Amino acid sequence: GRQGRESAHRLTIGTSSSTSLPLSRLESSNLSNAQNRDPPSRTTTMISPTTVMAQAPPLSPYGTFTGALFQYARNLVAFESLPPAATQLQESDGNLPKHKCILIGGLSDGLIPTPYTKSLESACHNLGWSLVQPVLSSSYLGFGNGDLGRDTDEISQLLAYLSHHRSGETFALVGHSTGCQNSIHFLKHGPQELVDKTRAVALQGSVSDREGPMDEDAKTWKANVITAKTMVQDGRPDEMMPRAAFWAPITAQRFLDLHEIGGRDDYFSSDFTDDQLADRLGHVGKLSNLRLLVAFSGADEYVAKHADTKEFTQRLVRAMNRHCTSEEERVAEALYMPTGNHNLSQTDRDASIFVAKVAAMLQSTMLTDGE
C-alpha cells in the first residue's frame, strides 16, 4: 500500500515578471519598480485576450527549475530540485540526496524567491545537495496574519518530512531578508533534533523592518505603531490595520512584530546596543556543530541611512559569537559586499560571491562529517 509513503510530482516551475508588487520592504525583486514603498495600486487595468496572445510574456527572470513537488503538511507544499544523478532515480528514497539546502525568502516571496536561486541550485547539485523551496503559510501575502512562531513550526514540519520521507540527514538554511529572522528564530525555538541536523545557515539581507520607516517618516511610523498598540490593547490583535498603514493586509500584532522597537521580528536593528544584539542573537554561538554566514550588502536599500553597514556586519557576528569560548569555536563569520543591494540583483558578481561562499560552507560541513 501507499500508506506512510510520500508522493511527489515531477514538474518544472518558473516565474513571470509580468506582475510586480510595489513593496514597503521588497523581498527579492529586481523589477523596474522594485524599490517603490507605496501601497499597491487599487486601479485595475483590463487586458483583452487578443492583446495577451499578441504579446509574448517575458521569460522567467530567475530561471526554470525541474524537480519534485510534494505536500509536507496540510495545504503546504515544497519543491525539491535534485542533482541530475538523483533525478533519474528519484522514485526510490534510497537514491535521494541526504543533504538538503532550504531556501527561505522574505515578505511576499514564495517559490524562486531570489535572483540567485538558480546559481544556488547549481552549487548545491555540484556538491550532491538538493535545493528545497518551501511554501509557508506566510509566503506571498500570507505573512500579514502570521508570525515567526508559525513559520518555525512549518519549517520544522518540512525538515521532519524530509527526514522521514526524502532521505534528509543534514540540513542547511539559506535565508533572504525576513528568511533571516526565520532562520534565527528556528535555531532557538525549533525542535532540538532538527536544530542539531542543521549544520549550516546563511543569512543574506538581514535588515531591520522598522529602521527604514523610522528614518523616512518618524511621525507616520509612530502614529501607526500607536494605532496597532491601541488595537492590541483593545483585544483586537488579529484585526487588520488601516489600509494606509502598510502596503499589504496586516494585522495589528504582526505590524507591531515588524515595526515596534523590540518587536518579535526585531533582530537586526543597528540602533541596538551590543548587549541587546547579543540577547537576540547570542544563542547562535552555543550551537557548536553549526556554521553561520552573515552576508551583508553595503548598498542595501532598506538599511537605515545612518548605519555603518560594514561595522554593523561585524557587530552582528560578534553578537552571535558572544558565547563562544575561543577563536576556533566561533560559529558565525561575516561576508561584506560593498556594492551589493538587498537581493543581490544589481550585479552578477555579488550574487556569485555569496553563492560561492555558501558552497564552501556546505563543502566544509561535508568534510567535517568525513565525506
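Residues numbered from 1 in each chain as written. Predicted model: local features only at pLDDT ≥ 70, side-chain atom pairs only at ≥ 80, totals over all residues. Heavy atoms only, no water.

Q: Teacher, can you tell me more about the pairing of strand β2 (residues 64-73) here?
A: Taken residue by residue, a regular strand's side chains alternate between the two faces of the sheet. Of the pairings in the sheet, the one linking β2 to strand β3 (residues 76-81) comprises five bridges and is antiparallel in character. Looking at the pairing, L69 lines up with F79 of β3. (Pairing = 2+ DSSP bridges. Helix = DSSP H or I, 4+ residues; strand = E, 2+ residues; numbered from the N terminus.)

Q: In this structure, what is going on with the packing of helix α8 (residues 218-233) against helix α9 (residues 252-259)? I would like to understand it.
A: Describing two packed helices takes the angle between their axes plus the distance from one axis to the other. Close contact between α8 and α9 brings their axes to 9 Å; oriented N to C, the two are set at 135°. Classified by the interaxial angle, the pair formed by α8 and α9 is oblique. Seen from above, α8 lies across α9 with left-handed handedness. Here W221, N224, V225, A228, K229, M231 and V232 of α8 come into contact with α9, specifically with A252, Q253, F255, L256 and H259. (Axes fitted to C-alpha atoms, helices over the stretch in contact; angles between N-to-C directions. Parallel < 35°, antiparallel > 145°, perpendicular 65-115°, else oblique. Left-handed = near helix turned anticlockwise from the far one by under 90°. Contact = heavy atoms within 4.5 Å.)

Q: Help me understand unusual backbone geometry, please; the structure alone is not making it clear to me.
A: Apart from glycine, the bulk of residues carry a negative phi angle, and the bulk of peptide bonds sit in the trans form. Positioned with a positive phi, S108 is a non-glycine residue whose angle comes to about 80°. Take S108: it is sitting in the loop between β4 (99-104) and α3 (117-126). Since its relative accessible area comes to 14%, S108 is described here as buried. A positive phi is found at L344, a non-glycine position, where the angle reads about 60°. As for its position among the elements, L344 is in the loop between β9 (332-337) and α12 (348-368). (Buried < 20%, exposed > 50% of the residue type's maximum accessible area, 1.4 Å probe, protein only.)

Q: Help me out: how do you make sense of the pairing of strand β7 (residues 198-204) in this one?
A: Within β7, seven of the seven residues are buried, leaving the element largely enclosed by the surrounding structure. One ladder, built from six bridges, connects strand β6 (residues 170-176) with β7; its direction is parallel. Along β7, the bridge assignment pairs H176 with Q204. Two strands pair when backbone bridges link them, and β7 and strand β8 (residues 291-297) are joined in this way by five bridges, in the parallel orientation. Residue pairing in the sheet places A200 in a bridge with R291 of β8.

Q: In this structure, what is going on with empty space enclosed by the protein? I would like to understand it.
A: Any empty space left between the atoms is revealed when a probe the size of a water molecule rolls over them. Applying the stated rule across the entire model yields three cavities of 30 Å³ or more. Quantified by volume, the largest cavity comes out at close to 150 Å³. Across the lining of the largest cavity, the residue classes break down as six nonpolar, eight polar and three charged. (1 Å grid on protein atoms, 1.4 Å probe; cavity = no way out; pocket = protein on both sides within 12 Å on 5 of 7 lines; lining within 4 Å. Points joined across faces, edges and corners; volume = space filled by probe spheres on them. Nonpolar A, V, L, I, M, F, W, Y, C, P; charged D, E, K, R; others polar.)

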